[in-house]
Amino acid sequence: MVILIFADDEKEIMQFELLSKDAQSSARAGKVTTDHGVIETPIFMPVGTVGTVKGVHQRELKNDINPDIILGNTYHLYLRPQTKILEQAGGLHKFMNWDRSILTDSGGYQVYSLSANRKIKEEGVKFKSHIDGSFHFFSPESVMEIQRTIGADIIMAFDECTPYPCDYRYAKRSMHMTHRWLDRCINHLEKVPTKYGYDQTLFPIVQGSTYKDLRMQSAEYIANAGAQGNAIGGLSVGEPAEEMYAMTEVVTDILPEDKPRYLMGVGTPINILENIALGVDMFDCVMPTRNARNGMLFTAHGTINIKNKKWEDDFSPIDEMGITFVDTEYSKAYLKHLFTVNELLGKQIATIHNLGFYMWLVREARKHILAGDFRTWKEQMVKQMDKRL
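Each value, and the rule that gives it
Residues numbered from 1 in each chain as written. Predicted model: local features only at pLDDT ≥ 70, side-chain atom pairs only at ≥ 80, totals over all residues. Heavy atoms only, no water. Helix = DSSP H or I, 4+ residues; strand = E, 2+ residues; numbered from the N terminus. Rg over C-alpha atoms; globule rule 2.2 N^0.38 Å. Buried < 20%, exposed > 50% of the residue type's maximum accessible area, 1.4 Å probe, protein only. Contact = heavy atoms within 4.5 Å. Areas by Shrake-Rupley, 256 points an atom, 1.4 Å probe, with all protein chains shown as cover. Lys, Arg positive; Asp, Glu negative; His and termini not counted. Charge placed at Lys NZ, Arg CZ, Asp CG, Glu CD. UniProt positions renumbered as here; feature names shortened; annotations may be inferred. 1 Å grid on protein atoms, 1.4 Å probe; cavity = no way out; pocket = protein on both sides within 12 Å on 5 of 7 lines; lining within 4 Å. Polar contact = N/O pair within 3.5 Å; in protein donor to acceptor, adjacent residues only side chain to side chain. Points joined across faces, edges and corners; volume = space filled by probe spheres on them. Pairing = 2+ DSSP bridges.

To continue, consider the overall build of the protein. Of regular secondary structure, the protein possesses 15 helices and 18 strands. Against the compact-globule benchmark of 21 Å for 389 residues, the protein has a radius of gyration of 20 Å, which places it among compact chains. With respect to the principal axes defined by its C-alpha atoms, the protein has extents near 60 × 50 × 45 Å. Out of the 389 residues belonging to the protein, those deemed buried represent 57%. Across the protein, contacts joining residues at least 24 apart in sequence account for 68% of those joining residues at least 6 apart. Only carbon and sulfur atoms are counted for the fraction: they give 49% of the accessible area of the protein, which is about 16,200 Å². In the protein, 44 side chains carry a positive charge and 50 a negative one; their mean positions are 6 Å apart.

Rendered as structure tokens:
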């Protein structure tokens with residue numbers, strides 16, 4: 001099934017092709033096409049917060065880790081290097097020398113995480129920079145303008161991410177404000193042209209905390225907005241995994257089947273497989289990179305804390321699966337040594353390994369969806385990965 005999605009002027013913006021649906025779950029395999037290439041789904045997007053996937057050269061990112069799309073962060077890029085520099089460079093793609101797709105979040109999550117240094121009103125959010133304490137203001141309109149200047153292929157609507165746990169009344173008020181902000185994003189985006197000769201696609205965000213009725217309301221509202229793709233926000237903020245899965249299922253049952261679905265900020269390898277089974281197509285998370293810098297490696301057989309003494313004389317390869325070059329070029333003992341002496345190379349090796357593993361995982365999931373045996377494979381993988389080595 002091919003779904004062509006058109007803007008008001010009938011110019012093609014984004015194509016989504018649903019290739020296969022799993023018979024025993026809601027998992028799907030598909031293909032998103034932007035002006036910067038094809039994104040095979042399900043996909044994981046490495047997080048490049050400030051225009052870099054931390055510690056990884058673009059050459060390694062492209063040739064060894066090989067994602068179809070990466071993520072940039074509106075809040076951080078707005079503060080540094082600032083939009084005027086990005087505009088002079090010709091947008092984020094040219095600035096960082098990345099010729100594949102990019103998605104930018106709206107800054108809503110970062111503003112949420114600045115809870116002590118921000119004030120939320122209907123107009124938008126006043127916040128204090130975590131860098132120098134200067135005050136700034138984000139509104140749905142200004143965030144659309146900032147994302148036009150950054151120039152990502154997929155841009156996110158400005159939303160409020162509620163904390164967990166969250167009072168029902170607050171969650172309801174916040175959800176309705178997110179919906180009003182979405183309308184303002186859509187209206188303003190129509191007035192602000194793209195800057196770099198390629199199209200951008202807006203994804204709205206479903207909110208509603210962990211309340212089923214609110215999630216259903218929000219999913220209906222977002223589905224009715226008729227956007228080219230849709231996102232699920234406000235999860236993976238501290239709630240138990242079972243609640244995350246329950247809310248995701250409620251939302252994917254309502255969001256249109258013919259549009260890609262993006263679950264923001266998720267998660268562990270197991271979280272990703274369980275949410276693929278619920279019908280999610282796109283994921284991002286700092287976990288593989290952040291945990292790598294702290295010595296945690298994800299593998300198909302469980303997690304490794306490379307700082308543990310048990311690895312100091314283990315001269316076997318980091319990962320015999322050999323997904324990326326680091327897995328077989330270096331031993332566990334050598335990597336443990338690099339962490340012991342706080343050598344930057346250790347963090348780089350662990351990061352390349354983890355990102356390579358995450359990419360392998362979603363691509364294997366895709367293969368099994370296309371082959372028709374995803375559920376059996378997923379259940380086996382979840383068991384295998386749920387242990388510490």
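Our focus in this paragraph is the UniProt feature "active site" (unreviewed entry) in the protein. In the UniProt entry, the feature "active site" (unreviewed entry) is given for Asp105 and Asp284. A maximum C-alpha distance of 10.3 Å is found for the annotated residues, which run over 180 residues; spatially they form one tight group. Lining residues of the largest pocket drawn from the annotated set just named are Asp105 and Asp284. Looking at the element boundaries, Asp105 is found in strand β7 (residues 101-105). There is a polar contact of 2.7 Å between the side chain of Asp105 and the side chain of Asn73. Relative to the elements of secondary structure, Asp284 occurs in strand β16 (residues 282-284). The contact partners of Asp284, leaving out residues within four places of it in the chain, are Phe44, Met45, Val47, Leu71, Tyr262, Leu263, Met264, Gly265, Val266 and Gly267. At a separation of 2.9 Å, a polar atom in the side chain of Asp284 contacts the main-chain amide nitrogen of Gly265.

This part takes up empty space enclosed by the protein. Scanning all chains against the criterion turns up 2 cavities of 30 Å³ or more. Space inside the largest cavity adds up to approximately 40 Å³. Every residue lining the largest cavity is listed: Gly108, Val111, Tyr112, Arg118, Ile120, Val125, Phe158, Asp159, Glu160, Cys161 and Trp181. Those elements that provide at least two residues to the lining of the largest cavity are α5 (108-113) and β8 (118-120). Considering every element that reaches the lining of the largest cavity, the biggest residue donor is α5, with 3 residues. What the second largest cavity holds in volume is close to 40 Å³.

Strand residues, when the strand is regular, have side chains that alternate between the two faces of the sheet. In terms of strand pairing, strand β17 (residues 296-299) meets strand β18 (residues 302-305) through 4 bridges, oriented antiparallel. Residue Phe298 lies in a different strand from β18, and its bridge partner there is Thr303. Connecting the antiparallel pair β17 and β18 is a turn made up of 2 residues.

Of the two faces of strand β9 (residues 125-128), the one lined by Val125 and Phe127 is fully buried and the one lined by Lys126 and Lys128 carries no buried residue. Strand direction decides the pairing type here: β8 and β9, joined by 3 bridges, are antiparallel. The residue bridging Arg118 from the neighbouring strand is Phe127, located in β9. Between the antiparallel neighbours β8 and β9 lie 4 residues, among them Gly124 with a positive phi of about 160°. Bridge count between β9 and strand β10 (residues 135-138): 4 bridges; the pairing is antiparallel. Its bridge partner lying in β10, Lys126 is registered against Phe137. Between the antiparallel neighbours β9 and β10 lie 6 residues, among them Gly133 with a positive phi of about 80°.

Put simply, Arg80 and Pro81 share a cis peptide bond, and its omega is 15°. By secondary structure assignment, the location of Pro81 is in the loop between α2 (74-79) and α3 (83-89). With omega at 5°, the peptide bond leading from Val266 into Gly267 counts as cis. Along the chain, Gly267 falls in the loop between β15 (261-263) and α10 (269-277). One non-glycine residue, Asn97, lies in the positive phi region at around 60°. By the element assignment, Asn97 lies in the loop between α4 (92-96) and β7. Here Asn97 falls in the exposed class, since its relative accessible area comes to 63%. Backbone geometry at Ser236 places phi at a positive 60°, although glycine is not the residue there. Tracing the backbone through its elements, the reader meets Ser236 in the loop between β14 (230-232) and α9 (241-252).

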